[in-house]
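# Survey of secondary and tertiary structure
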Amino acid sequence: MHARTRSLAALLLGAALACGATASRTASAADSNLLNVSYDPTRELYADYNKLFAAKWKTESGQTVAIRQSHGGSGTQARSVIDGNDADVVTLALAYDIDAIADAGRLDKDWQKEFPDNSSPYTSTIVFLVRKGNPKAIKDWDDLVKPGTQVITPNPKTSGGARWNFLAAYGYALDKNGGDEAKAKEFTSQLLKNVPVLDTGARGATITFVQRGLGDVLLAWENEAFLAVKELGPDKFDIVVPSVSILAEPPVAIVDQVVDRKGTRKAAEAYLRTLYTPEAQDLAARHYYRPRLAEVADRYADRFPKLEMFTIDGKFGGWRSAQAKFFADGGIFDQIYTPGR
Amino acid sequence: MALDAFFGPAAAPARPVRSEPRLVRGVLIGTALAFLAIFLVLPLAVVFAQAFAGGVQAWLDSLVEPDALAAIRLTLMAAAIAVPLNLVFGVAAAWCIARFEFRGKSLLTTLIDLPFSVSPVIAGLIYVLLFGLNGWLGPWLRDHDIQIVFALPGIVLATIFVTFPFVARELIPLMQEQGAEEEEAAIMLGASGWQTFRRVTLPKIRWGLLYGVLLCNARAMGEFGAVSVVSGHIRGETNTMPLHVEILYNEYNMVAAFAVASLLALLALVTLVVKSLLEWRYAGELAASRRH
């Protein structure tokens, strides 16, 4: 009996190893092979961009490159890279998630200085998505704390997107009250009382608002709001741009450990660098991200209304300190949010 | 209760001893059917209605799209590896538990049930902790260029884990009930171990085995939680059908999402139909084997 179980275990392990060996060799018809681990809303953008880059790389280096995509919640994706998902590049929702990968030693701690503009080739901001005709007349942040207004936003504990939402509201309240933290806490606490349900992820919250029809206003990334309007009909929703919001910078980085092992550093670097070229910037704008290049931004000026935007670094001293102050256990979010209220 | 007290004395002498009053029967049957309709038939109908909302062509298009094809291929492949392995394991485990007495037998029985009681998410996480880069074996595996989690092997391992008990659970009570007399007789008459298994044991357990395999297969194709944790979500490569359904749904692509979901549902339905067909075809034989 013992012999039998042992040989069974050997069989299982052998099968697993055989699969492992074959899996690591598949999909290598191209000269180089990149894996871009990204977050949810960038799917359409990178589907187009990968074609653009592959063509460009072919003419520049004469080599073919195959790019594979992985999408999911930003935090989950960072976790999978830490646990060994072999991403050559990561393109996530917030710098904090890439910091986490850096803390695990998989990429250089100074990654954010490697590429221009805080390594964020495109930006976005937080806007309001309201029902067609704006029946509750929501114009600015102050309208969100009025009694009877239902606000949909995901849980900042689990969703990167929701942290931008929370900080946008908090930053607005700080500005309005001359930097008074107590007043800002009061404001965001009031806002959270108007949230009937905190979804775990940004897409989940969007689905709650647009498909399930819950709430009067959805706090969303501008690109997500545009996409929802485009996919589900311009006759159903309006986008409201507040007077002030936060500059959302979804950053990109090379995973040093992986590219050095796979020998793909050159291609990976070109892949991210090319995001800053006019063609790629135009692509980003077409997929509703705000381009960094002024010449491209000018062309899309009527799509992206001008508004006052503050940055994480300017207002909260960067993601690391914002994370510790607001979203760590016992942080400001925990202090002001009581579930079921 | 109240009804019984009310109708009881008058109705009691007239009706046969084991039959319920017509009203009770009606309520029971009605409740069962209503439950079935609301919780099974209606959702299934919605899945198919949504899937064909864009017409048959749109349904087909969403299934032959490369990422969907890759997901279907991966799901079938994972099931094709996991189910035979669990078949071998299930028979071996049931055999040794039903036929032999040894120390730690009850522990083994409990362990076999473990995947039923552990949340699938944990099932996925244990493999990440074991084979992930920060896990026990991760660094060694990477040095030898072997990828387990976030690739096919991880998905297969997670699938095997969650479908582990189906075959064994189906066989253990059956084999315990059947006893070992016939096998003993076969061996006395000079049959080898393999002959005994193939000509005596296998025919006796084949129905239980078939049920176990079908259930195991259905779960292997439908598993979401455990596979989601170890998948890495690489498009066209490590997304199984259930994961692909979720992705499409989150991309507002309802028709495609439900098209893939309907295919999954169809696979499950085919499993059920095959089971019923076999039951019907071999009804006599089945009754005979149950008599043991």
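Above this text you will find the structure in question.
Description of the structure in this document. Source: prediction; values computed, not measured. Within each chain, residues carry numbers counting from 1 in the order of the written sequence. Chains carry letters and ligands carry numbers; both start at the beginning, A for chains and 1 for ligands, and go up in the order they are written. Totals for whole chains, interfaces and linings use all residues, but because this is a predicted model, local features are given only for residues with pLDDT of at least 70 and pairs of side-chain atoms are given and counted only at 80 or more. Just so you know, side-chain values use all the structure's heavy atoms and leave hydrogens and water out.

## Notes on the overall build of chain A
- Broken down by element type, chain A carries 16 helices and eleven strands.
- A compact globule built from 341 residues would reach a C-alpha radius of gyration of about 20 Å, and chain A, at 22 Å, matches this within 12%.
- Dimensions of chain A, computed from C-alpha atoms along their principal axes, come out at roughly 70 × 60 × 40 Å.
- Only protein chains enter the area calculation, which uses a 1.4 Å probe; residues under 20% of their type maximum are buried, those over 50% are exposed, and those in between are partly exposed. Across the 341 residues in chain A, those meeting the buried criterion constitute 55%.
- In this analysis, two residues are considered to be in contact whenever any of their non-hydrogen atoms come within 4.5 Å of each other. Across chain A, the fraction of contacts at a sequence separation of at least 24, relative to all contacts at a separation of at least 6, is 75%.
- Total accessible area on chain A stands at roughly 14,000 Å², and carbon and sulfur atoms take up 53% of it. Note on conventions: DSSP H or I runs of at least 4 residues are helices, E runs of at least 2 residues are strands, and numbering of each starts at the N terminus. Both definitions apply: the radius of gyration is a C-alpha atom measure, and the globule rule equals 2.2 Å times residues to the power 0.38. For accessible areas, the Shrake-Rupley method is used with a probe of radius 1.4 Å. Any residue's cover is judged against the shown protein chains and nothing else.

## Concerning the interface of chain A and chain B
- Contact residues are listed per partner, giving 39 residues for chain A and 33 residues for chain B.
- Note that Arg68(A) is salt-bridged to Glu237(B), the shortest N-O span being 2.8 Å.
- As used in this structure description, the phrase polar contact means that two N or O atoms lie within 3.5 Å; if the pair is within protein, one of them must be able to donate a hydrogen and the other to accept it, and residues adjacent in sequence are counted only when both atoms belong to side chains. At the boundary of chain A and chain B, one finds eleven residue pairs in polar contact (both at pLDDT 80 or more).
- For the side of chain A that touches chain B, the elements supplying multiple residues, two or more each, are helix H1 (2–23), helix H2 (43–61), strand S2 (65–72), helix H3 (74–82), helix H8 (202–210), helix H9 (222–232) and helix H10 (256–262) of chain A. The salt bridge criterion pairs a side-chain nitrogen of Lys or Arg with a carboxyl oxygen of Asp or Glu, the two atoms within 4 Å.

## Thoughts on the state of the cysteines
- Our working definition of a disulfide is a cysteine sulfur pair at a distance within 2.5 Å. Per the counting criterion, the structure on display carries zero disulfides over all chains.
- Sulfur of Cys96(B): no disulfide; nearest cysteine sulfur belongs to Cys216(B) and is 18 Å away.

## Re the packing of helix H6 (residues 160–176) of chain A against helix H7 (residues 181–193) of chain A
All names here are of chain A.
- Put simply, H6 and H7 touch, their axes get as near as 8 Å, and they point 135° apart. On the basis of their axis angle, the class for H6 and H7 is oblique. H7 is crossed by H6, and the crossing has right-handed handedness. Along its contact with H6, which presents Phe-166, Ala-169, Tyr-170, Tyr-172, Ala-173 and Leu-174, the element H7 presents Glu-181, Ala-184, Lys-185, Phe-187, Thr-188, Leu-191 and Leu-192. A fitted line through C-alpha atoms represents every axis, and for helices the fit uses only the stretch in contact; the resulting angles, taken between N-to-C directions, go from 0 to 180 degrees. Note that the term roughly parallel is reserved for angles under 35 degrees, roughly antiparallel for angles over 145, roughly perpendicular for angles of 65 to 115, and oblique for everything else. A clockwise turn of the near helix away from the far one marks a right-handed crossing, whereas an anticlockwise turn of less than a right angle marks a left-handed crossing.

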